[in-house]
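# Examining the three-dimensional arrangement
Read off the chains here:
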Amino acid sequence: MGCCEGMLKIILFIFNGALLGAGIALIVVAGIAGNEFREYTDEDIFDDKYLWGPVALAIVVGILLFFVGLTGLGGICCKNKCMLKSYIAFLLILIILEVVLCILAFVYNDEGETEARKSMKEVVRRVYNTTGTSSTKDAMDKLQREFDCCGGNGQADYLEVPTVAFPASCCIRTPCLTQNTTLYYTEGCAKAVFDSLEEYDNALFAVAIVFAILQIVGFILACKFLKDDD
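Let me sum up the structure you'll find in this document.

Cut-offs and rules
Residues numbered from 1 in each chain as written. Predicted model: local features only at pLDDT ≥ 70, side-chain atom pairs only at ≥ 80, totals over all residues. Heavy atoms only, no water. Helix = DSSP H or I, 4+ residues; strand = E, 2+ residues; numbered from the N terminus. Contact = heavy atoms within 4.5 Å. Areas by Shrake-Rupley, 256 points an atom, 1.4 Å probe, with all protein chains shown as cover. Disulfide = S-S within 2.5 Å. Buried < 20%, exposed > 50% of the residue type's maximum accessible area, 1.4 Å probe, protein only. Phe/Tyr/Trp six-rings, centres within 6.5 Å; stacked < 30°, edge-to-face > 60°. Expected span 1.5 Å × (residues − 1). Core = buried A, V, L, I, M, F, W, Y, C linked by side-chain atoms within 4.5 Å. Polar contact = N/O pair within 3.5 Å; in protein donor to acceptor, adjacent residues only side chain to side chain.

On a plain count of helices and strands, the chain comes out with six helices and zero strands. Helices (α) and strands (β) of the chain occur, in sequence order from the N terminus, as α-α-α-α-α-α. Once local pairs closer than 6 in sequence are excluded, the contacts in the chain between residues at least 24 apart make up 72%. Accessible area of the chain: about 12,200 Å², with a carbon and sulfur share of 66%.

Our next topic: the state of the cysteines. This structure, assessed with the given rule, holds two disulfides. Sulfur-sulfur distance for the disulfide between C149 and C189 comes to 2.0 Å. Note on the C149 and C189 pair: the S-S dihedral is about 90°, so by sign convention the disulfide is right-handed. A residue pair is termed long-range when its members are at least 10 positions apart, and C149 in the loop between helix 4 (135–147) and helix 5 (156–159) and C189 in helix 6 (residues 189–228) qualify at 40 residues. As far as burial versus exposure is concerned, C149 and C189 are alike and both buried. Disulfide partner of C150: C170, at an S-S distance of 2.2 Å. Measuring the twist about the S-S bond at about 100°, one finds the C150-C170 disulfide to be right-handed. Separated by 20 residues along the polypeptide, C150 in the loop between helix 4 and helix 5 and C170 in the loop between helix 5 and helix 6 bring together distant segments of the chain. With relative accessibility at 0%, the residue C170 sits in the buried group.

With that settled, the discussion passes to unusual backbone geometry. Here D148, not a glycine, exhibits a phi torsion of approximately 50°, which is positive. Positionally, D148 belongs in the loop between helix 4 and helix 5.

In this section: the environment of S196. Mapped onto the fold, S196 is located in helix 6. Along the chain, S196 and F147 lie 49 residues apart, while their C-alpha atoms are 8.9 Å from each other.

What follows concerns the packing of aromatic side chains. Summed over all chains, the structure comprises three aromatic pairs. Here the aromatic residues Y158, F166 and Y184 are joined through ring pairs into a cluster of three or more.

Further remarks concern helix 4. Compared with an ideal rise of 1.5 Å per residue, which puts 13 residues at 18 Å, helix 4 spans 18 Å between its outermost C-alpha atoms and is within 8% of the ideal. Looking one or two places after helix 4, you find D148, whose phi comes out positive at around 50°.

By size, the foremost hydrophobic cluster in this structure holds 26 residues, and its most contacted members are I45, M120, M140, L143 and Y158. Elements that contribute at least two residues to this core include exactly helix 3 (81–127), helix 4 and helix 6. By size, the runner-up hydrophobic cluster in this structure holds 23 residues, among which are F15, V61, L65 and I88.

Let's shift gears to the side chain of Q144. On the secondary structure map, Q144 appears in helix 4. Note on Q144: relative accessible area 0%, which makes it buried. Of the polar contacts made by the side chain of Q144, one reaches the side chain of Y158; its length is 2.7 Å. In this view, Q144 contacts Y128, C149, C150, G151, Y158, P167, S169, C170, Y185 and C189; residues no more than four positions away in its chain are not counted.

What follows is the structure, encoded as structure tokens:
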């Protein structure tokens, strides 16, 4: 084995080990994110497709990352041409999927916020207009406390329904003994949630760009390794 070939093999080995680790990390993070917001989709506060679509795609990309790394490691260690060719094909598919994932993240962020505003407004009108408790009301209260927000569009969602009072979960500092609007959060929960998600989207986009560049480099190196092995 020549010095250049040995160095190429080491670089590819490290690169594919990183892919394998990144795949596992992406699956775990996507699973945690899905579980975190599942309560809100179960109660129709968010539309399922705006959560599970990106989460499912992220898990698919994570699984593919894992198998690409595994295939690359196997092909390099065993000098298996079939595995190396499969590895090169998987890399191409992976790059395409990552581009799709980034596009969906930005498109779904805008559409998802618009739909969330509508669904949360309906929750306020339907659920808070009745006495007693419900799982939907509990989920909405939890959302308002966690994100320091009120309604889907802000205080207007409650003010537009004369028979609905501001819930304690909208209160800036409890107890709120009056319905004075200055005592309650003004930001809508749809904006608060999707602003928070946008931070993850930006991080995801930056990571995807870095990985796409690394994968293109890995693709070129794998082709060279395969050619040198002929």
